[in-house]
Amino acid sequence: MPGQRGLFIPGPTNVPQAVRLAMDISMEDQRAPDLPSFTLPLFADVKKVFKTDTAQVFLFPASGTGGWEAAMTNTLSPGDKVLIARFGQFSLLWADMCTRMGLEVDVVDVPWGEGVPVEIFAEKLKADKAHAYKAVLVTHNETATGVTSDVAGVRKAMDDAHHPALLFVDAVSSLASIDFHMDEWKVDICVSGSQKGFMMPAGLAILAVSEKALAARKAAGMRRCYFDFEDMMKTNKDGFFPYTPPLHMLRALRAATDLLLSEGLENVFARHHRLAEGVRQAVSAWGLRLCAAAPKWHSDTVSAILLPEGFDSAALVRHAYTKYHMSLGMGLNKVAGKVFRIGHLGDLNEIMCLQALAGAEMAMRDLGVPVTAGSGVGAAIEYYRGATASSALKNAA
Ligand SMILES: *Cc1c(COP(=O)(O)O)cnc(C)c1O
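Here is what the cut-offs are and how they apply
Residues numbered from 1 in each chain as written. Predicted model: local features only at pLDDT ≥ 70, side-chain atom pairs only at ≥ 80, totals over all residues. Heavy atoms only, no water. UniProt positions renumbered as here; feature names shortened; annotations may be inferred. Helix = DSSP H or I, 4+ residues; strand = E, 2+ residues; numbered from the N terminus. Pairing = 2+ DSSP bridges. Axes fitted to C-alpha atoms, helices over the stretch in contact; angles between N-to-C directions. Contact = heavy atoms within 4.5 Å. Salt bridge = Lys/Arg side-chain N within 4 Å of Asp/Glu carboxyl O. Buried < 20%, exposed > 50% of the residue type's maximum accessible area, 1.4 Å probe, protein only.

- Identification of the chain as Serine--glyoxylate aminotransferase from Aestuariivirga litoralis is taken from an unreviewed UniProt entry.
- For the record of the chain, the UniProt heading Pathway (unreviewed entry) holds the text "One-carbon metabolism; formaldehyde assimilation via serine pathway."

Set out below in structure tokens:
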């Protein structure tokens, strides 16, 4: 089929041309004497995306899942207790990894559609006078349900309880799209990946690690080798790596970071909010509901949309793919067949969102879902016209 296939999944996201071209290079010497003049400023600029002055950035050849493993193996010991809430496929997988790696996992199950239960965490942390919890794990943006959680609230609960546990945040589908404050929230390890807000192919786990978490590695008894922070630190300080780095990915990261910083992080967040809000307007105009149970959970990077009872969202996603040449996100695990997802993050603008909404609308009508043609698109058009005009004026002022 001619034309571009629409990619409206919450990762991998669309890769901007500047990032693609940055990767189209001849192979480079990973021990070249001038490599540090490229890598050291790159480390420094990636830190800005995490909003940190004090944390250290690590770039592992891995996907986000490898970032989780790096976070835990470098800081914890077998049998250490961790606290995590499970409310979607990604928080579920993270909790599962903790169990498989030999940690003692206190899992708080929450209905899918809600986020981290800050009050329950606060109670548990207060009750833990012996400080058995060594780490508190927060999935900032649950990609399966389109739910964003309150990291600052968890930090406050930890501070109120004077609890010394490490705070780990999975920001794979939020970093560089939804505001994140590594230093202000005193996050100890933030795990991200290349294929979402960073608008790159999958293949880099991007972490920021606090001084406190780096100190914890000295007593951490879990086995680690490939993901050892120590090896990275020894070589990274001079701008090199302990094994062959994926230099084309680092070139892409340079280009992506330049795009983010030149747009301005606050503008990037505002754009994501605006795009997401237009999608939410469309969902209500369709007469449908989001999986996210309340506005405070609404994610600005992905919307999981519940189909009415009796309709199969997997069939919808398949139909949109074959007939309209577009990818929507599927429902995963507990919400499989119930929700479809629109990823609205990364290299994206209003027109692209309208394309996603129009395609979803056509596919829903084909399957007999009772939505009025043009209703969602129309609502989003009116919202984007107003919201875009006012932000364009603000930028001009
Ligand atoms: C995508 C994602 C991950 C990591 O998945 P990988 O496929 O390993 O990159 C982890 N957590 C969340 C919330 C995600 O969206």
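### Re the UniProt feature "domain: Aminotransferase class V" (unreviewed entry) in the chain
Then, in step 1: The positions that UniProt labels "domain: Aminotransferase class V" (unreviewed entry) are, in the present scheme, residues 45-291.
Then, in step 2: Annotated as residues 45-291, this span is 41% helix and 19% strand, and its ends, taken at the C-alpha atoms, are 35 Å apart.

### Brief notes about the sheet that holds strand β9 (residues 189-193)
Then, in step 1: Read from one edge of the open sheet, seven strands run β2-β10-β9-β8-β5-β3-β4, paired in mixed fashion. On the outer flanks of this sheet lie β2 (56-61) and β4 (104-109), each paired with one strand and no other. In this sheet, adjacent strand axes meet at a mean angle of 20° when their direction is disregarded.
Then, in step 2: Two elements, β2 and strand β10 (residues 204-209), share six bridges in a ladder whose sense is antiparallel. Its bridge partner being in β10, V57 is matched across the sheet by A208.
Then, in step 3: In this fold helix α3 (residues 64-73) packs onto β2, β5 (133-139), β8 (166-170), β9 and β10, with an angle of close to 160° to the strand it touches most, β9.
Then, in step 4: Across the face of the sheet, helix α9 (residues 247-263) comes into contact with β2 and β10 while running at roughly 60° to β10.

### Details of the pattern of salt bridges
Then, in step 1: Following the criterion strictly, the structure yields 22 salt bridges and no others.
Then, in step 2: Ionic pairing is found between R217 and E230, a salt bridge with its closest N-O pair at 2.7 Å. Linking R217 in the loop between α7 (211-216) and α8 (229-236) with E230 in helix α8, this pair joins segments that are 13 residues apart in sequence.
Then, in step 3: Accessibility expressed as a relative area gives 11% for R217, which makes it buried.
Then, in step 4: Between D366 and K323 there is a salt bridge, with its nearest N and O atoms 3.2 Å apart. Pair noted here: D366 is in helix α12 (residues 350-366) and K323 is in helix α11 (residues 313-324), with a separation of 43 residues, a long-range link.

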